[in-house]
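Letter by letter, the chains look like this.
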Amino acid sequence: MPIVDYKVPVSVDEAVIMLKGCNTAVKILAGGTDLIIQSKPAGSDPLTVVDIKSIDSMMTASIDDEGLTLGPAMSCAELTARDDIKSVYPGLIEAAYLIGSTQVQGRASIGGNLSNASPAADTIPALIAIGARCIIAGPDGERVVAVEDFVVGVGKNCMAQGELLKSIQVPPPEAKTSDAYLRFIPRTEMDIAVAGAGVSITMDSEGVCTAARIAIGAVAVTALLVPAAAAALVGSKLEESALQAAAAAASAASKPISDRRGTADYRRHVVGVLVKRAVSIAAQRAQEQ
Amino acid sequence: MAKIHVSTTVNGDAVEFLCNPGETLLDILRNDLQLTGTKEGCGSGDCGACSITVDDRLVCSCLVLAVEAEGKAIGTIEGVADKDQLNVIQQKFLEHAALQCGICTPGLIVSVQALLKENPEPTEEEARYYLAGNLCRCTGYDKIIRAVLDAAETMRGAA
Ligand code: FES
Ligand code: FES
């Protein structure tokens, strides 16, 4: 769709009015690393873009006793440079760091990665694992949707036309909680996940896992939260048998396709391995706190 | 469709241009501002030939709308040399023969400049990862990396 109009709101309210008042198809522009490519092929409907980067709250992040508040349009480069966020959510930063090249990270945003809703998006399992919620603004006010419910299909999110992802919020973690994100690609850089796993693990002082959230990516239409994998870990000391059970639960929950990046069987196996490894990393981080 | 007026800064100079809302900054740089040092390889964010900086942040100009340049500071390959005096990075690319056809070179030099600003002492691995978004079909990268590490060392010595 060719871009025929460009608007720059300076507040969320103004953006909502602009989104609603458009007489062409309308898309929200943050980093543009997906949108600008999608708008290049000539033909069909004209498109209006609403650039949300002049809205201050879209471009900033804060972390304090209230938890983490992420401006959805902030670039991955800016986010991954934030040591205060990395110290609490190293897994989320790991995921953001895996998106594209240095150049792409200079523009690409977490809100865009989430809204664009690729099944292989790296930040989505990482956000699900830490219990992130989407604050959505619209003509009728705000609503809150868990990240695992935000994405509803390949390239589809739950927002209606006229709605806007206003912020991403994560409640403060329990003591001795940490996260990790791992993905598998056939090379070490510049590729799309064959499978991914985002996990958050809470330990007690005896080395027992007291809470877990396990999310898997690139192995179904959307990233999946896998409660059965978490259940296999809680109450255990993360012995090999518990890790193995979590891996098996993740593999069983996956519904992968075969494509040139890997066969369904391969993905099913690899996602279990990634869960196991990510759990060990997150648990180690939690215990070091 | 009405053209949009944009005021920006390119390599320190105030610049104004008119553009269509869907036009990329890469197209405006090359076709309107005659700054053809920035190259187009893929047009889809994969090759890095179009690398520039926007407010000191390294980006692909093929993935930036020209209208987004309003009020920003743009840096391109044309701003790297000091008039006729090559920058250290450019000099080291020549010394190490870090180019063959040259189409990737402007993007690489802009990227290397951003790398060394962020990290004046990169390891070979750090340099290779940072530059993974700059593709080169000719050199095999080895000479590029040698030039980068040599430039870094020279710049540290001069600092
Ligand atoms: S032309 Fe922009 S990345 Fe290839
Ligand atoms: S020198 Fe030819 S592409 Fe790099």
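Residues numbered from 1 in each chain as written. Chains lettered and ligands numbered in written order. Predicted model: local features only at pLDDT ≥ 70, side-chain atom pairs only at ≥ 80, totals over all residues. Heavy atoms only, no water.

A. Structural context of the domain arrangement of chain A. The domains assigned to chain A are domain 1 (3-51), domain 2 (66-170) and domain 3 (177-287). Using only C-alpha atoms to locate each centre, domain 1 of chain A and domain 3 of chain A end up separated by 36 Å. (Domains from an automatic or database assignment.)

B. Spotlight on the pattern of salt bridges. A full pass over the atoms with the stated rule returns 21 salt bridges over all chains. In this structure, Arg107 of chain A engages Glu68 of chain B in a salt bridge whose closest nitrogen and oxygen atoms are separated by 2.8 Å. Linking Arg107 of chain A in the loop between helix H6 (102-105) and helix H7 (110-116) with Glu68 of chain B in the loop between strand E4 (57-60) and strand E5 (73-75), this pair reaches from one chain into another. Among the residues examined, Glu68 of chain B registers a relative accessible area of 7% and is labelled buried. With a shortest N-O distance of 2.8 Å, Arg143 of chain A and Glu163 of chain A are connected by a salt bridge. Residue Arg143 of chain A is found in strand E7 (residues 141-146), and its partner Glu163 of chain A is found in the loop between strand E9 (156-157) and strand E10 (164-170); the two are separated by 20 residues along the sequence. Accessibility expressed as a relative area gives 30% for Arg143 of chain A, which makes it partly exposed. (Salt bridge = Lys/Arg side-chain N within 4 Å of Asp/Glu carboxyl O. Helix = DSSP H or I, 4+ residues; strand = E, 2+ residues; numbered from the N terminus. Buried < 20%, exposed > 50% of the residue type's maximum accessible area, 1.4 Å probe, protein only.)

C. Fine view of the pairing of strand E5 (residues 67-70) of chain A. Residue and element names in this part refer to chain A. Pairing between strand E4 (residues 61-64) and E5: four bridges, direction antiparallel. Residue pairing for E5: Ser62 is matched across the bridge by Thr69. The hairpin formed by E4 and E5 contains two residues between the paired strands. Across three bridges, E5 lies against E10 in antiparallel orientation. If you follow Leu70 over to E10, its bridge partner there is Ile168. (Pairing = 2+ DSSP bridges.)

D. Focus on the sheet that holds strand E1 (residues 4-10) of chain B. All names here are of chain B. In spatial order, the strands read E2-E1-E5-E3-E4; together these five strands make up an open sheet with mixed pairing. Edge positions in the sheet fall to strand E2 (13-19) and E4, since each of these pairs with one other strand and no more. If you compare each strand with its neighbour and ignore which way they point, the axes differ by 40 degrees on average. The pairing of E1 with E5 spans two bridges and is parallel. Pairing of Val10 across the sheet is with Ile74, part of E5. Helix H1 (residues 25-32) rests against E2, strand E3 (51-54) and E5 of the sheet, and its axis sits at about 105 degrees to E2. (Axes fitted to C-alpha atoms, helices over the stretch in contact; angles between N-to-C directions. Contact = heavy atoms within 4.5 Å.)

E. Representation of the interface of chain A and chain B in the model. Each partner contributes to the interface: chain A provides 27 residues, whereas chain B provides 27 residues. For the pair chain A and chain B, the summed buried area comes to about 2000 Å², and 63% of that belongs to carbon and sulfur atoms. Area buried by chain A at its contact with chain B is led by Tyr6, Thr102 and Gln103 of chain A, which between them contribute 30% of it. Across the contact surface, chain A and chain B share three salt bridges. On the surface where chain A and chain B come into contact, there are seven residue pairs in polar contact (both at pLDDT 80 or more). When its residues are assigned to classes, the side of chain A that touches chain B shows 11 nonpolar, nine polar and seven charged. (Buried area = accessible area lost by both parts, 1.4 Å probe. Polar contact = N/O pair within 3.5 Å; in protein donor to acceptor, adjacent residues only side chain to side chain. Nonpolar A, V, L, I, M, F, W, Y, C, P; charged D, E, K, R; others polar.)

F. Expanded view of unusual backbone geometry. With phi around 65 degrees, Ala218 of chain A is a residue other than glycine that occupies positive phi space. Examined against the element boundaries, Ala218 of chain A turns out to sit in the loop between strand E13 (209-217) and strand E14 (224-225). With phi around 50 degrees, Asn11 of chain B is a residue other than glycine that occupies positive phi space. For Asn11 of chain B, the location among the structural elements is in the loop between E1 and E2.

G. Spotlight on the sheet that holds strand E2 (residues 25-29) of chain A. All names here are of chain A. Taken in spatial order, the three strands of this open sheet run E1-E3-E2, and their pairing is parallel. Lying at the two open borders of the sheet, with one neighbouring strand each, are strand E1 (3-7) and E2. Direction aside, the axes of adjacent strands within the sheet are offset by 25 degrees on average. Taken together, the five bridges between E2 and strand E3 (residues 47-51) define a ladder with parallel strand orientation. The residue of E3 that forms the bridge with Lys27 is Val49.

H. Structural context of the confidence of the model for chain B. Counting all residues, the mean pLDDT for chain B is 97, and 99% of those residues have values of 70 or more. As a predicted assembly, this complex carries a pTM of 0.95 together with an ipTM value of 0.95. (pLDDT = per-residue confidence, 0-100.)

I. Just helix H5 (residues 142-158) of chain B, in detail. All names here are of chain B. The first and last C-alpha atoms of H5 sit 24 Å apart over 17 residues, in line with the 24 Å expected at 1.5 Å per residue. Residues Ile144, Ile145, Ala147, Val148, Ala151 and Ala152 constitute the buried set of H5. Each buried residue of H5 lies within a common arc of 160 degrees when the element is viewed along its axis, so the set occupies one face. H5 presents Glu153 and Gly157 as exposed residues on the side facing more than 90 degrees away from its buried surface. Contacts made by the buried residues of H5 are with helix H2 (88-95), helix H3 (105-118) and helix H4 (124-130). (Expected span 1.5 Å × (residues − 1). Arc of directions from axis to C-beta.)

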